[in-house]
Amino acid sequence: MVKHMEGNHIKIQSVENGLILENVHDFNAKHIFECGQCFRWKRSADGSYTGVAYGKVINVKSDEENNSVRLLNTNIEEFNQIWFEYFDLGRDYGKIKKKLSEDSVLNTAIKYGEGIRILKQDPWEMLISYIMSANNRIPMIARSISLLSEMYGQPINYKGETFYAFPTAEELSKAQLCDIEKCKAGFRCKYIFKAIEMVQDGTIDLDYIKTIDIESARQELMKIPGVGIKVADCIMLFSMQKYGSYPVDVWIKRVTEHFYLHEDVPMKAIHVFAKDKFGDMAGFAQEYLFYYAREMKIGSSKGENK
DNA sequence: TTGCAGGGGTCAA
DNA sequence: TTGACCCCTGCA
């Protein structure tokens, strides 16, 4: 079977309990799963990653030498239905990188995270996950999501281990605030509780928000408590294909100031800069810069580049 | 050993 | 514009 990407084509081969994708360019599992866009993928000793998305568990291993990717615990139907889009395989990242590389900073940044792809994740899951991210650390966020899924999500068995799907709004609507608090998300629990209610009663319609322009979508998302500019931008970039979004967290603020603005500026100035400089490709630029900043510890008090 | 700052921001004053 | 905020880790 052959599946078309923009300007290229992927060859798909069925193997025992999975698929081998060949002729896949710009796909590095470490870069994809560790660039900060997702919380539910865990690395194994063999360099593969196992995770839960859209109610399925799969194992992913990329081989950059041979431009191939191995997916385990799936099949062609599921690949066509879920994973082709999830991994954004219809997009030519080579073209994006070429364009962004005209900028010398990005030219360097891209060398570090050359295999990044922006996953098309579920808006509901991103909403709750990024509410949890406020003033929090990645391992803590991952733990809270995991606890919430264990309490309210559907169990999925894979190789003798039980994984849990991210719970739907309906499944979570059965929870009281004191139940949500068991996921140890602290002061964010009350925001999550309210977000569940707003989505469940239709005050917030994520499907609709996905269809409207980026500015309106941001305003709409920010009606949810616990959702500010940064969280709204993450939701839009990681689950609504709004690639002009440039989520500004501490790392992005540091790296933008360090390389481009050369001084401490207000948050608003960073957004204006990104829109001018990167336009509708700002989201891709953000991911390369984020990965680079973290790898190099740029601007951090512990970094060598301060 | 205990204590305290601070973290993928947001909210309220 | 500035602190407080849950929970937890790292570092005196």
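Residues numbered from 1 in each chain as written. Chains lettered and ligands numbered in written order. Predicted model: local features only at pLDDT ≥ 70, side-chain atom pairs only at ≥ 80, totals over all residues. Heavy atoms only, no water.

1. Some points on the overall build of chain A
What chain A contains, in helices and strands, is 15 helices and nine strands. Taking 19 Å as the expected radius of gyration for a compact globule of 306 residues, we find that chain A reaches 19 Å, a close match to that expectation. Taken along the three principal axes of its C-alpha coordinates, chain A extends 50 × 50 × 40 Å. Per-residue burial for chain A yields a buried fraction of 52% across its 306 residues. Expressed as a percentage of contacts within chain A between residues at least 6 apart in sequence, the contacts between residues at least 24 apart total 63%. Summed over all atoms, the accessible surface of chain A reaches about 14400 Å², with 49% contributed by carbon and sulfur. Considering chain A, the positive charge centre built from 40 side chains and the negative charge centre built from 42 side chains are found 4 Å apart. (Helix = DSSP H or I, 4+ residues; strand = E, 2+ residues; numbered from the N terminus. Rg over C-alpha atoms; globule rule 2.2 N^0.38 Å. Buried < 20%, exposed > 50% of the residue type's maximum accessible area, 1.4 Å probe, protein only. Contact = heavy atoms within 4.5 Å. Areas by Shrake-Rupley, 256 points an atom, 1.4 Å probe, with all protein chains shown as cover. Lys, Arg positive; Asp, Glu negative; His and termini not counted. Charge placed at Lys NZ, Arg CZ, Asp CG, Glu CD.)

2. Notes on the nonpolar core
Grouped together as the largest cluster of nonpolar side chains are 74 residues, with contacts concentrated most on L100, L106, W124, L127, F278 and L289. It is helix α15 (residues 282-296) that provides the largest number of residues to this core, a total of nine residues. Those residues in contact with L106 that lie beyond four places of it in its chain are L100, Y260, F278, A285, Y288 and L289. Counting 26 residues, the second-largest nonpolar core is a separate cluster that includes L19, A53, I82 and L89. (Core = buried A, V, L, I, M, F, W, Y, C linked by side-chain atoms within 4.5 Å.)

3. Concerning the environment of L127
In this structure, L127 sits in helix α5 (residues 123-132). Taking the C-alpha atoms as reference points, L127 and G153, separated by 26 residues in sequence, lie 16 Å from one another. For L127, the contacting residues outside a window of four places in its chain are A195, V199, L206, I224, V227 and I235.

4. Examining the protein's contact with DNA strand B
Around DNA strand B, the surrounding shell holds 23 residues, and the nearest of these are G36, I138, G226, G228 and V231. Counting only atoms of DNA strand B within 4 Å of the protein, the sugar-phosphate share comes to 53%. Residue K230 places a main-chain N or O atom 3.5 Å away from a phosphate oxygen belonging to DNA strand B. Elements with a minimum of two residues in the surface near DNA strand B: α6 (138-152), α12 (229-239) and α13 (250-261). Top element by residues in the surface near DNA strand B is α12. It accounts for three residues. When the residues that make up the surface near DNA strand B are grouped by side-chain class, the tally is 14 nonpolar, six polar and three charged. (Near = heavy atom within 4 Å. Polar contact = N/O pair within 3.5 Å; in protein donor to acceptor, adjacent residues only side chain to side chain. Nonpolar A, V, L, I, M, F, W, Y, C, P; charged D, E, K, R; others polar.)

5. Quick look at helix α4 (residues 104-112)
Here α4 has its buried residues at V105, L106, A109 and I110. Angularly, the buried residues of α4 cover 125° about the axis, an arc narrow enough to put them on a single face. In this structure, α4 carries S104 and K111 as exposed residues pointing more than 90 degrees from its buried face. On its buried face, α4 sits against α3 (93-100), α13, α14 (267-278) and α15. Capping of α4 at its N-terminal end is provided by D103; its side-chain oxygen lies 3.2 Å from the backbone amide nitrogen of V105. (Arc of directions from axis to C-beta.)

In short, shape yes, function no, at least from these values alone.
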